[in-house]
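# Structural overview for review
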Amino acid sequence: RRVSARPARKPALLAVDGPLLVWLHLNNQIESRPIAGGSATVVASATGIRALAALGGYVYYTTSAGDVFRAPSDGSASPTNLTNAQGAQEIAVDATTVYFTTGSDILEVPIAGQPVATVFAQNALPVTLALDATHVYWSTANGGIYRQAKGGTSPTLVSSGQSTPAGEWLEQAW
């Protein structure tokens, strides 16, 4: 789960995966380190990492090339490319599925990789993404916040008129 925004000159993204703290350096490296202390380990390196999430011993991330990757949080193996989805941006993960946004759609892929399926595609213009046990939530560029049951086909408008829906608020609110 992503837990911070992208501050300047500091680690750009931050996530927690059990006993590990995982972050993205602005030098395009994802690193992890035990929360209790110890040395940092390089998990992955890629150009244009846009978002990351961590769960169950893995880091999931998107790149500006449109790739969605999975790598062990401890850096013990090379990343696996789960799919190439033009314009992959934000990302969220649960025990079985990786959800990610593109410029207009929300897609999903099993944590082991292919096939990609569409969660919602109607030019949703998703900006942020969050999950709970039963729903996918997203905010849109036009200020709407929606939710849809996982595996469902009918999104519900939760809130409208938000000037700039913030990912951190959305993740904490649900």
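First, a word on scope: everything that follows refers to the structure included in this document. (Residues numbered from 1 in each chain as written. Predicted model: local features only at pLDDT ≥ 70, side-chain atom pairs only at ≥ 80, totals over all residues. Heavy atoms only, no water.)

The subject of this paragraph is the pairing of strand β12 (residues 117-121). Bridge analysis of strand β11 (residues 105-110) against β12 gives 4 bridges, and the strand direction is antiparallel. Bridge pairing in β12 links I106 to F120. What sits between the antiparallel neighbours β11 and β12 is a turn of 6 residues, in which G113 has the positive phi angle 115°. (Pairing = 2+ DSSP bridges. Helix = DSSP H or I, 4+ residues; strand = E, 2+ residues; numbered from the N terminus.)

What follows deals with the side chain of T140. Relative to the elements of secondary structure, T140 occurs in strand β14 (residues 135-140). On the basis of relative accessibility, which here comes to 3%, the residue T140 falls in the buried class. Among the polar contacts made by the side chain of T140, one reaches the side chain of N142 at a distance of 2.3 Å. (Buried < 20%, exposed > 50% of the residue type's maximum accessible area, 1.4 Å probe, protein only. Polar contact = N/O pair within 3.5 Å; in protein donor to acceptor, adjacent residues only side chain to side chain.)

Moving on, we get to the environment of S64. With respect to the helices and strands, S64 occurs in the loop between β6 (58-63) and β7 (67-72). Overall, the relative accessible area of 43% leaves S64 in the partly exposed class. Sequence separation between S64 and G48 is 16 residues, and the spatial gap between their C-alpha atoms is 4.9 Å. With residues near it in sequence (within four places) discarded, S64 still touches T47, G48 and R50. (Contact = heavy atoms within 4.5 Å.)

Here the focus is the sheet that holds β6. One open sheet accounts for 4 strands, arranged β5-β6-β7-β8; its pairing is antiparallel. Either end of the sheet is taken by a strand with one partner, and the two such strands are β5 (49-55) and β8 (80-84). For this sheet, the mean inter-axis angle between neighbouring strands, taken without regard to orientation, is 20°. (Axes fitted to C-alpha atoms, helices over the stretch in contact; angles between N-to-C directions.)

So, about the environment of V22. For V22, the location among the structural elements is in strand β2 (residues 20-24). On a C-alpha basis, the gap between V22 and T41 in space is 9.4 Å, while along the polypeptide they are 19 residues apart. Leaving out residues up to four positions away in the same chain, V22 has contacts with L13, L14, A15, I30, E31, S32, V59 and S73.

Take the packing of aromatic side chains next. This structure, assessed with the given rule, holds 4 aromatic pairs. Relative to Y60, the ring of Y58 lies with its centre 6.4 Å away and its plane at 50°, an arrangement referred to as tilted. Overall, Y58 belongs to the partly exposed group, its relative accessible area being 26%. Taking 5.9 Å as the distance between ring centres and 15° as the angle between the ring planes, the aromatic pair formed by W138 and Y146 counts as stacked. Given the relative accessible area of 0%, W138 is considered buried. Taking the relative accessible area as the measure of exposure, Y146 reaches 23% and is therefore partly exposed. Through successive ring pairs, a cluster of aromatic residues spans F120, W138 and Y146. (Phe/Tyr/Trp six-rings, centres within 6.5 Å; stacked < 30°, edge-to-face > 60°.)

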